[in-house]
Each structure stands twice: as structure tokens, then as C-alpha cells.
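So the chains spell out like this:
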Amino acid sequence: GHPQNLKCVTHNLHKMICTWDASSRGRHGQTDFCYTTNDLPPPVCFKTKEKRVEIPVPERSTTVTITTNSISGTTFATKDFEIHEKDISFVPLTPRILSLTPDFSTSTLNVKWSDNGSVFPYGLDAFWQIQILRGEAMEKVMYYSKLTHEDIILSWNWTSDMPLECTSHYVKIRCYINVTQFVGPKDWSDWSPVEEIPGKDTDPNGNGVFPQDTVVAVGSDVTICCVHEEGQQIQRMTYGPDIHPMIYLSSRSSAIRVLNASASDTSGTNVVCILSEDEMEGTVLFVGYAPDIPQNLSCETSNFLTIKCTWKPGRPSGLYGNRKTNYSLFERISGKNVSCKVDEMNRERVCGFPVLGDQNIYDFVLGVSNPIGQTKSSLLVDLTKRVHPKSPEKLTVSGNSSTSVRLHWFINGSFTEVRLLCQIEISSGRYERKLHNVTVPGGNFSTYTAQLNALHPYTKYWFSVRCSAADHFWRWSDWSRVEEHTTLEA
Amino acid sequence: MAAADSPSAALRHRDLCSRGIRLAGKMRLDVINLLDTYVERQGLDASASVAAVEGVPVAAVERWDEQTGTQRLLENLVAYRAFRALLAQMLEEQREQLGEADTTLGRALAAVLLQVSAFTYHLEELLRLESRGPPGEEGAEPPPPPPVSLFERKLRGLRVLRELAQWALRSTRDLRQLAKASPGSGSVPSPPNSP
């Protein structure tokens, strides 16, 4: 019954668990266990029935005396052990996964666990090995963190290369703590208990093709699986018109892998799992592009009530309906945001933004997003330099002399912030055409007027007018309707 | 309103039947064209066999030849009211899924929906002539189909159009039977062949 093979392991550098065995198996009574603290008498002694005790980790070394006794208490044998720090192994406590949360829409697993840092001194380096299993072992990933003498909840995301519904995913973790000042052997902890995210192939009502009706970027590699009844045979799986080789996942799940997916038609690409003559499951995959950066973003106002922004969308996304690209116009100075109602089929995009009180400077951000990505384009605009009036209306010509006329026209809009430059086109006969410029103060939904002199008596003239901003020219309005007038006889 | 069996009612009955036959024939052609467009635009396999779908009226009928005229009209009316709702649902889904990207299919769907609505009204006219009057629509509106995946929607649409094409054929035959009988007679002997 001699005590032997004494081994001591610490999980937290403070306490250590020592175990031993006895040379003969026979029936023993209680064991007397004594240890010195830092080799200073007197030793600490106690009785134990187990061949396992927990005692403090010595700073340098400790002497352990183990005495085995018979049932009646007579001593069998006594053995002393000299334990130095280098003889003690350091194995961190087995970590435990606090939560394993699936996000089926992105096929992502989120793992949360505690680093148990409170039992360790500040600043130790901890290495975590996270193993993902799917059927067989699949992926082992290293994660690094720094212990802070507090229990910190660590979180890590892993994105699967296939929908989580396809088959069950399992996760386990273990850790290694680099205690540089600890001279004894250091090792990885045990693996944590395994946590599982069950696949649809474990659900009696889980049949179907996954992912369901999802959107991916052109060029993606996509795994699509078919979950079916136990014992059912998949005849074939097609992606669009093509049959694809199948990958076995489990007795109820097989997958196909589509590499470098190309853009789908407007109604998406059908992925069909044909199980028998008239039984099939399927899904629709929409393969498109992230939105392009809007090009030639330009904003102007025709009436100082609404600002009209236009842009070229760039490469079409190939996504339509409720997956189409959405646009919003955000103005930084006022903080106002407007979502734009855009006609997908119109080459040029248009969005209206209200003119805000007496604000002339607008710092626009055009936000663009669709299920695959987002982008934006910015533009700083001084509205008084971006006036593009509507074409003048209600042009009338009145004449009270044989050589002069007076024109009147109306422009829809509030132009009190600017002066208007208007150009009058005077035509008489086929080739005689003159332009006459006149500058008028901008009005609020006003009628404007101009006098033309030095005309020929009793002559038929055609008049038309267009306007723009006088001080910062941006664009002419369209010409007004032509108005005909004959001057009086001399 | 003319008594059910007066000469003008018989004339109106025959006129409604023959116009109905023409309507059903045109509708069938348009549905078949729409079916081709639908299969192509939805990326479906034209030969795919699609299981029966709840809520989609089935054109096949047993002992077709033993049906009375009123039975024929009532079954037709129930079916086309259902198709009117199903096509409206398909049109809405089409707009939601594709927006302005596929107006060809949208316009074709809308055109057939218009014809189905017109044919439904036509059947109601015939039933009024039968001095029975069509059953009210309260509660007749089929419950909106349960939410299903996009692929199942595509298959359901395929099934709707296939059955509608068959119904247009059956309606033509039903109306020919009806044309032989006077209005309000209810029962119609018919030769022993079924659609």
C-alpha cells in the first residue's frame, strides 16, 4: 500500500489538486496527508478517504507526507514527496459556452463564453481554440484575448459556407493561458461541452430547399441544400437549367455547390430538388450586384420650392421589386432625410427635396442600398447658383406705337432670392432673328414685363422668351410658346 | 325582366351562350400564350408536373355529361370567381417581386384577369336569365393563400394558368350544352362524352 505517482495540477495558480495511487489495491482505511507551506514547519495535516486533495500552490516548493492506514488504523506505509513549482502542471479550467446563437439569414453562428479572467492575474495572454463540427470535424479557429482579472464575456462570429438549415452544426472551445512566470508544464484545457444548432434535417417538418429566396452577389460561391424525408431519394438538383452534382450531408440532406454565380433573370434563378415524378421542392436565388456609386449627381431648383436631384445609377443591380435598390437623400445641415421614389426602368434617377426656409446651402448625401450592399455620393450646393426656371408662361404682347411693343410673361416659382436674366427672341420674316436680353428682379410667382423699341411699323413679328438666373448662370429655361404680333401702321 | 321561357329570353340566352363561347375561346388562347410567357419569365420547366394546389379550381369533372345547365353555370361561376382572386393575387405578387422590371408579363396577366372578370360577369348574366340569379359573393372570396416560398408561388402560378386553360376549354363545352337548351329549363340531356 505505498503511496506513489503523486501528480499536482493547478487551474488557477492559487490552488492545486494533487492525486496519487497506492502500490497495492487492497482495502485501506483513511489516509493521513501532510504538507508544508514553503518548507516551513509545522506541516498542515488532515485525513482523507480520497486519493485526491486540494492544497495551496507553494511559492517555491512543499514537502508532502502521505501515510496509508489499514481499516483498523494501523499504519501501512508512509512516503514523503518533494514538490517544486516545475513539478506542478497548469491547465486552465474547462471553458463553458454561454450561448450559441444562429442567424439563419446570414448563416452566421455567434458564440459567447466567459474567459474566467477573475481567477488570474491581470494581463495574461489567452488563446482560444474554437472547433466547428458538421458531421465530421470541419474547422478549427484560433481566437486571442487578454485577461483583465475580471470575468469578460467573449463573443465570436463564424459564417458557414452553407445555410445553417442544411445540417446540424456543433461548436466546442478550449483555451491555453500563457503564464510566462509559471515554470511548470502548461497545457490546453479540456474541450468545453459541445453546443449544437440543429439542422432542418433533424426536424420532422423541416423539408425544403435552403437558403429560401435569398439574394447573393454575382461571383459568389453558393451552397444550396435539399432536406427531404428519411429514405427518400433525390433524383437530381438543378440550378437554373443545369443539373449539378450532389454533396451528401446527412441521410436527409444533400447539397449542390454553385461557383462564381452569374446574374439571375428578373424573376430569379430557380433551384429545384426533384424527388420523384411529381414531387419537387425549390427555392429562388437572386444573384445581383451591389449598388454602383451614383454618377453625375446634380441638384437644381426650378421654383425655390423643391430641389430636384438627378443622377445616373451606374451598373444595374439586376435586382427588382422588393429587392431593388433604394435611394434616400440626406441633408447634413438640416438633418432632414427624404426617401426617394425611383422608377427602376428610367435611365436617369430623380429625387425631390423641399427647399428649407431661407437655407441656400445644401450639403446632400445620396444614400444607395440594396440587399447586397450600399454606397453613397455627396454634393454641396448653393441653390442660388442652381436655378433652372420653368419655361415662361402666358406670354402676351401689347403694342401702343408703330415701333415698340410691351411683353408680359409669368414664371411659376418664387425667385425673390435672385435676379432673372431673360432673353427675348424677336423674329420677323424667315431669316431675321434678333435676341434681346433683359434683367429683372426675381418675384414671387410673378408676371414680368419688358419693352421692345426700334421695331418696324406695320410688321408681323414672332416673340418668344426664356429666363435664367442673372448673377450665377446655370441653365436656361425652355423657350416659352411663340407669340405673334403685328406693329401698328406708322 | 322577360319571363324565363319567352322568345326574347331564348334569343338573349342563345346570344349570351354564343358570346360566352367566343369569350372562352379567346380567353383560352390568351391563357396559353400567357402560360408560355410565364414559364419562360419564371425560369420554370414547361414539362414540370405540379401537384394540385389548394384553392385552385380543378377543371376535370366526373360524369360531366350528367350535369344540369344550372350546375354547369354555378360550377363555372365559382371557378372563375376563384380564378379572378388568384390572378389578382398573382398580379400583386408580380408587382411586389419585379416592380417595373417585367411589364410584359404584368400586362399579359392583367389582360387575362380582365377577361376572367368579364367572363365571370357573363356567367352571372346567364344565371340571372335562368331566373335564379348568381349566388352572392359574400364569403365566397377564397381565403388568401398561406404564405409560401417564392418557388412555391411560381409553381402555384403555373398550376393556376394550366387549370384556367382547361377551364376555358370546359366552359366552351358547357356553354355549347347550354345553348342547346332553353333558359330556365335547368336540366340538359347531353351526349355521353366528357371533356
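Residues numbered from 1 in each chain as written. Chains lettered and ligands numbered in written order. Predicted model: local features only at pLDDT ≥ 70, side-chain atom pairs only at ≥ 80, totals over all residues. Heavy atoms only, no water.

Asks: Explanation requested: the overall build of chain A in the structure shown.
Replies: Within chain A, the regular secondary structure consists of zero helices and 38 strands. For 490 residues, the compact-globule formula gives about 23 Å, and the C-alpha radius of gyration of chain A, at 42 Å, lies well above that figure. Oriented by its inertia axes, the alpha-carbon framework of chain A measures out at about 150 × 70 × 30 Å. Going through the 490 residues of chain A one by one, you find that 48% of them count as buried. (Helix = DSSP H or I, 4+ residues; strand = E, 2+ residues; numbered from the N terminus. Rg over C-alpha atoms; globule rule 2.2 N^0.38 Å. Buried < 20%, exposed > 50% of the residue type's maximum accessible area, 1.4 Å probe, protein only.)

Asks: Would you take a moment to explain the state of the cysteines for this structure?
Replies: Two cysteines form a disulfide when their sulfur atoms are joined by a covalent bond. All names here are of chain A. Under the defined criterion, the tally for this structure stands at seven disulfides over all chains. With a sulfur-sulfur separation of 2.0 Å, Cys 226 is cross-linked through a disulfide to Cys 273. On the sign convention where negative means left-handed, the S-S torsion of about -75 degrees between Cys 226 and Cys 273 marks this disulfide as left-handed. Taken together, the residues Cys 226 in strand S18 (residues 222-227) and Cys 273 in strand S23 (residues 269-276) connect sequence positions 47 residues apart. Summarising the burial analysis for this pair, Cys 226 and Cys 273 share the class buried. (Disulfide = S-S within 2.5 Å.)

Asks: What should I look at first to understand the interface of chain A and chain B in this one?
Replies: Where the parts come together, the accessible area they lose is often given as the size of the interface. Contacts between the two partners involve 22 residues from chain A and, on the opposite side, 20 residues from chain B. Here chain A packs against chain B, burying approximately 1,700 Å² in sum over the two surfaces, 52% of which is carbon and sulfur. For the chain A face of the interface with chain B, the top three residues by lost area are Ser267(A), Asn270(A) and Met280(A), together amounting to 30%. Applying the counting criterion to the chain A and chain B interface returns nine residue pairs in polar contact (both at pLDDT 80 or more). Tallying contributions element by element places strand S24 (residues 279-288) of chain A first for the side of chain A that touches chain B, with six residues. Class assignment of the residues belonging to the side of chain A that touches chain B gives a composition of six nonpolar, nine polar and seven charged. (Contact = heavy atoms within 4.5 Å. Buried area = accessible area lost by both parts, 1.4 Å probe. Polar contact = N/O pair within 3.5 Å; in protein donor to acceptor, adjacent residues only side chain to side chain. Nonpolar A, V, L, I, M, F, W, Y, C, P; charged D, E, K, R; others polar.)

Asks: Would you mind going over the pattern of salt bridges with me for this structure?
Replies: It is possible for side chains of opposite charge to pair when their charged atoms get near one another. Enumeration over the complete set of coordinates arrives at 25 salt bridges over all chains. For the salt bridge of Arg134(A) with Asp161(A), the shortest nitrogen-to-oxygen distance reads 3.0 Å. Of this pair, Arg134(A) sits in strand S11 (residues 125-134) while Asp161(A) sits in the loop between strand S13 (153-159) and strand S14 (169-178), and the two are 27 residues apart along the sequence. With a relative accessible area of 11%, Arg134(A) lands in the buried category. Judged by relative accessible area, which is 40%, Asp161(A) ranks as partly exposed. Arg481(A) serves as the salt-bridge partner of Glu483(A), at 3.5 Å between the closest nitrogen and oxygen. Among the residues examined, Glu483(A) registers a relative accessible area of 22% and is labelled partly exposed. When salt bridges that share partners are traced, they join Arg72(B), Glu75(B), Arg170(B) and Asp174(B) into one network. (Salt bridge = Lys/Arg side-chain N within 4 Å of Asp/Glu carboxyl O.)

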